[in-house]
2 protein chains.
Amino acid sequence: MHRTKVRVVEDALDANNTIARANRDDFDRHDITVLNLMSAPGAGKTTLLERALGEPLAGIRVGVLEGDVQGSIDADRLAGLHIPVTQLNTDNGFGGECHLDANMVRSALGDLPLHEIDMLVIENVGNLVCPAEFRVGEDARAMVCSITEGEDKPLKYPLMFRACELIVVNKLDLLPHLEVDVDKLLYNIDVVNPDVKRILTSAKTGEGVDELRDWLAELAHRRVAVRA
Amino acid sequence: MHRTKVRVVEDALDANNTIARANRDDFDRHDITVLNLMSAPGAGKTTLLERALGEPLAGIRVGVLEGDVQGSIDADRLAGLHIPVTQLNTDNGFGGECHLDANMVRSALGDLPLHEIDMLVIENVGNLVCPAEFRVGEDARAMVCSITEGEDKPLKYPLMFRACELIVVNKLDLLPHLEVDVDKLLYNIDVVNPDVKRILTSAKTGEGVDELRDWLAELAHRRVAVRA
């Protein structure tokens, strides 16, 4: 029974990877760098994007694909940025999928202005487990970890922390009011992903947002370097 | 394709419900009231349990089943309470399941001291989507929503907020330091689940913890009332 289940899961992930490669081909054709941005619910992904994309990003035209179980709250929030934002809901025919998969992203490709952007940020569904298991055709994966969630999350959700090449430690402004130990959080991140890039931010005060913008710009320029 | 997928999901949920009923029968046989406790990662479930179960609960013997992808951090934390705590990990053979299902709980029944408890609190994996879709044989479902997650979570994860008969709004001590509007959060809870019981708490200061203890005791006594 158990072996059968693993088999089914592997098949599903194989099928997902095939579609992810097709997405990747389409993004390559349009020369678009894609970031899969993940976190637990309410860690501050949208507020960080509002902050980081509020001003033009070194000539890079950015679009956002918003993944949510239901509604368009985050897409509406980002509408004020005057960049293309596309909503993708996962609640079709079920209680709602807890992650984006390659096929869902594929279904949204027709709605994305692929000719008008250089970078696509995909804001995944808030969840620390399944989003890390499904590639969608991205160049890079990043996650936001709010310090309000406690120091132990890297140890409890290791796949997510291991899957990312950037971990944004957010809501630093709340540190004086929490019993959380940020050094211990960073240590726990080291335990599961020793070489990962970390940026400490407060979306509220703007701390660390320039560093995040630099990282995004560098990610987009990586593609240029590869092509040159 | 879409219809096939829904069919598969329905079959999986049917199978889950069958096992959940078997769990329910076992709990009934031992006269145990079961609470399925859910939340996003880091909302404060464990700290609330530490607070609420730190002193005996009106003669009710409580046990805890800790669901985590990996590790036993929360179970270790609760060990100091001198109540039976059993760890259940979901990471077998995959990146880790994002929720407990009836079969996982069933697999842990042999490790639970069913003869020695009147109430079992099952602390589910931190996730606002899938845990709400899988019954495990519980009498009641409750969730913890931290105000740090923002006001919009009921609208973004409606199934979770609708599935519960108690919503604990936690981390109230942080209110002065956040831009969150608790009235708006409560309004959004009303939108998706108008009659749900709400308890406002701070696991840090202890605010609302007595009300939570009263609710737990009442839940356990419901069974006595039904039996009488």
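Described in the following lines is the structure provided in the data block.

1. Some details on the overall build of chain A
(1) Moving on: Scanning chain A from N- to C-terminus turns up eight helices and seven strands.
(2) Moving on: A compact globule built from 228 residues would reach a C-alpha radius of gyration of about 17 Å, and chain A, at 17 Å, matches this within 12%.
(3) Moving on: Look at the contacts in chain A between residues 6 or more apart in sequence, and 74% of them connect residues 24 or more apart.
(4) Moving on: Surface accessibility of chain A: about 9,500 Å² in total, with carbon and sulfur atoms responsible for 50%.

2. Looking at the sheet that holds strand E5 (residues 140–146) of chain B
All names here are of chain B.
(1) Moving on: Taken in spatial order, the seven strands of this open sheet run E3-E2-E4-E1-E5-E6-E7, and their pairing is parallel. The open sheet terminates on both sides in strands that have one partner only, identified here as strand E3 (85–89) and strand E7 (197–200). Pairs of neighbouring strands in the sheet enclose a mean axial angle of 20°, with direction left out of account.
(2) Moving on: Taken together, the five bridges between strand E1 (residues 33–39) and E5 define a ladder with parallel strand orientation. Its bridge partner lying in E5, Leu37 is registered against Ala142.
(3) Moving on: Across the sheet, helix H7 (residues 182–192) is in contact with E5, strand E6 (166–170) and E7; its angle to E7 comes to roughly 160°.

3. Let's talk about the relation of the copies chain A and chain B
(1) Moving on: When chain A is fitted to chain B, the residual RMSD is 0.0 Å, and the transformation amounts to a turn of 180° plus an axial shift of 0.0 Å. Classification of the inter-copy transformation places it as that of a two-fold axis. No C-alpha of chain A approaches the rotation axis more nearly than that of A:Asn127, which lies at 3.0 Å.
(2) Moving on: Interface residue correspondence from chain A to chain B reaches 100%, placing this contact among same-surface, isologous pairings.

4. Some details on the pattern of salt bridges
(1) Moving on: Counted under the stated rule, the structure contains 30 salt bridges over all chains.
(2) Moving on: For A:Asp118, the salt bridge is made with A:Arg61, and the minimal N-O distance between the two is 3.0 Å. Placement of the pair is A:Asp118 in the loop between helix H4 (102–108) and strand E4 (119–123) and A:Arg61 in the loop between helix H2 (45–52) and strand E2 (62–68), with a sequence separation of 57 residues.
(3) Moving on: Its relative accessible area of 23% is what places A:Asp118 among the partly exposed residues.
(4) Moving on: Between B:Asp26 and B:Arg106 there is a salt bridge, with its nearest N and O atoms 3.0 Å apart. Of this pair, B:Asp26 sits in helix H1 (residues 2–29) while B:Arg106 sits in helix H4 (residues 102–108), and the two are 80 residues apart along the sequence.
(5) Moving on: Accessibility expressed as a relative area gives 13% for B:Asp26, which makes it buried.
(6) Moving on: One salt-bridge network, in which partners are shared between bridges, spans A:Glu50, A:Asp68, A:Asp74, A:Arg77 and B:Lys156.

5. Quick look at the environment of A:Val64
Residues and elements named next belong to chain A.
(1) Moving on: Checked against the element boundaries, Val64 lands in strand E2.
(2) Moving on: According to the relative accessible area criterion, Val64 is buried, its value standing at 1%.
(3) Moving on: As a C-alpha pair, Val64 and Ile122 span 58 residues in sequence and 5.8 Å in three-dimensional space.
(4) Moving on: Apart from residues lying up to four places away in sequence, Val64 is in contact with Leu49, Leu53, Leu78, Ile83, Pro84, Val85, Thr86, Leu120 and Val121.

Reading guide: rules and limits
Residues numbered from 1 in each chain as written. Chains lettered and ligands numbered in written order. Predicted model: local features only at pLDDT ≥ 70, side-chain atom pairs only at ≥ 80, totals over all residues. Heavy atoms only, no water. Helix = DSSP H or I, 4+ residues; strand = E, 2+ residues; numbered from the N terminus. Rg over C-alpha atoms; globule rule 2.2 N^0.38 Å. Contact = heavy atoms within 4.5 Å. Areas by Shrake-Rupley, 256 points an atom, 1.4 Å probe, with all protein chains shown as cover. Pairing = 2+ DSSP bridges. Axes fitted to C-alpha atoms, helices over the stretch in contact; angles between N-to-C directions. Least-squares fit on C-alpha atoms with pLDDT ≥ 70 in both. Salt bridge = Lys/Arg side-chain N within 4 Å of Asp/Glu carboxyl O. Buried < 20%, exposed > 50% of the residue type's maximum accessible area, 1.4 Å probe, protein only.

In short, the description is geometric, and any link to function would need to be established separately.
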